[in-house]
Amino acid sequence: MIKTLIFDYDGTLHNTAKLYGKAFRKAYDWLVAEGKAKPRIYTDEETSIYLGMSAPAMWEAFMPRLEEYYKKTASAMIGQEMDLLVAEGEAVLYDGCQEVLQTLKGKGYQLVILSNCRHAYMEAHKRVFELEQYFDGFYAAEDFGFAPKEEIFETIQKHYPGEYVVIGDRASDLAVAVKHHLHSVACDYGFGEPEELVAAEQHIKDIKELLTIL
């Protein structure tokens, strides 16, 4: 019996690309002005490969040799800009997302968000989309020192009953399912590459398809 559904957020419930692209470009322009990067313009598609990563993992993938001060400052700029865009109403959930969550809640599942995001980012989205009406728990990686999701799951396991289904669009989501032998659903419409999602039990191309599985 499935009892708890563990959702990723960005790329699974929230279409983050436009917010992140704007914020990324602002921080990158600052790095250019500081002489730490070469001038260029990154598209939303180019920056979307970093969505779903923790901040340390993002910088390790993007500019691993950048000094820690600049990584932290640029990360803060990205975070502040994204929070501002959310407050200005630019955040968008995938079409049908709230109806799907409401239906799953009505079926008696416990819903939990497990995201590689910052605490403030999660709180901003909780307010804007009134997520507490759907979700029983919120786990932001920053609250756990940006530990891997498979480690944070051990805390979730103490508070919410199994069996579990992990639903997400990146390798970090499926890593939870693989390590702990959980059911998994890959969101092919998100920001992960196909090779990241091969371990998933099931795949969906639209959040609404989740209701045909659960």
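Residues numbered from 1 in each chain as written. Predicted model: local features only at pLDDT ≥ 70, side-chain atom pairs only at ≥ 80, totals over all residues. Heavy atoms only, no water.

K.L.:
I'd like a rundown of the pairing of strand β4 (residues 164–168), residues and numbers included.
P.N.:
In summary, the side chains of a regular strand alternate between the two faces of the sheet. Counting buried residues along β4, five of its five residues qualify, which places the element largely inside the surrounding structure. Residues Tyr 164, Val 166 and Gly 168 of β4 are buried on one face, and the alternating residues Val 165 and Ile 167, pointing to the opposite face, are buried as well. When strand β1 (residues 4–7) meets β4, the two strands line up parallel, connected through four bridges. Looking at β4, one finds that Phe 7 is bridged to Ile 167. Relative to strand β5 (residues 183–187), β4 runs parallel, the two sharing four bridges. When the sheet's bridge partners are listed, Ile 167 is paired in β5 with Val 185. Handedness of the β4-helix α8 (residues 171–180)-β5 crossover: right-handed. (Buried < 20%, exposed > 50% of the residue type's maximum accessible area, 1.4 Å probe, protein only. Helix = DSSP H or I, 4+ residues; strand = E, 2+ residues; numbered from the N terminus. Pairing = 2+ DSSP bridges. Right-handed = clockwise from strand over helix to strand, strands pointing away.)

K.L.:
Residue-level account of the packing of aromatic side chains, with values.
P.N.:
Following the criterion strictly, the structure yields 18 aromatic pairs and no others. When the ring of Phe 24 is compared with that of Tyr 28, the centres are 6.4 Å apart and the planes differ by 5°; the resulting orientation is stacked. Residue Phe 24 and its partner Tyr 28 are located together in helix α1 (residues 17–33), separated by four residues, close to a single helical turn. Accessibility assignment for this pair places Phe 24 and Tyr 28 in one class, buried. Measuring from ring centre to ring centre gives 6.1 Å for Tyr 28 and Phe 62, while their planes differ by 55°; the resulting arrangement is tilted. (Phe/Tyr/Trp six-rings, centres within 6.5 Å; stacked < 30°, edge-to-face > 60°.)

K.L.:
Which residues make up the pattern of salt bridges, and what values do they have?
P.N.:
Counting across every chain of the model gives 15 salt bridges. Note that Glu 46 and Arg 40 form a salt bridge whose closest N and O atoms lie 2.8 Å from each other. Residues participating in the shared-partner salt-bridge network are Asp 8, Lys 149 and Asp 173. (Salt bridge = Lys/Arg side-chain N within 4 Å of Asp/Glu carboxyl O.)

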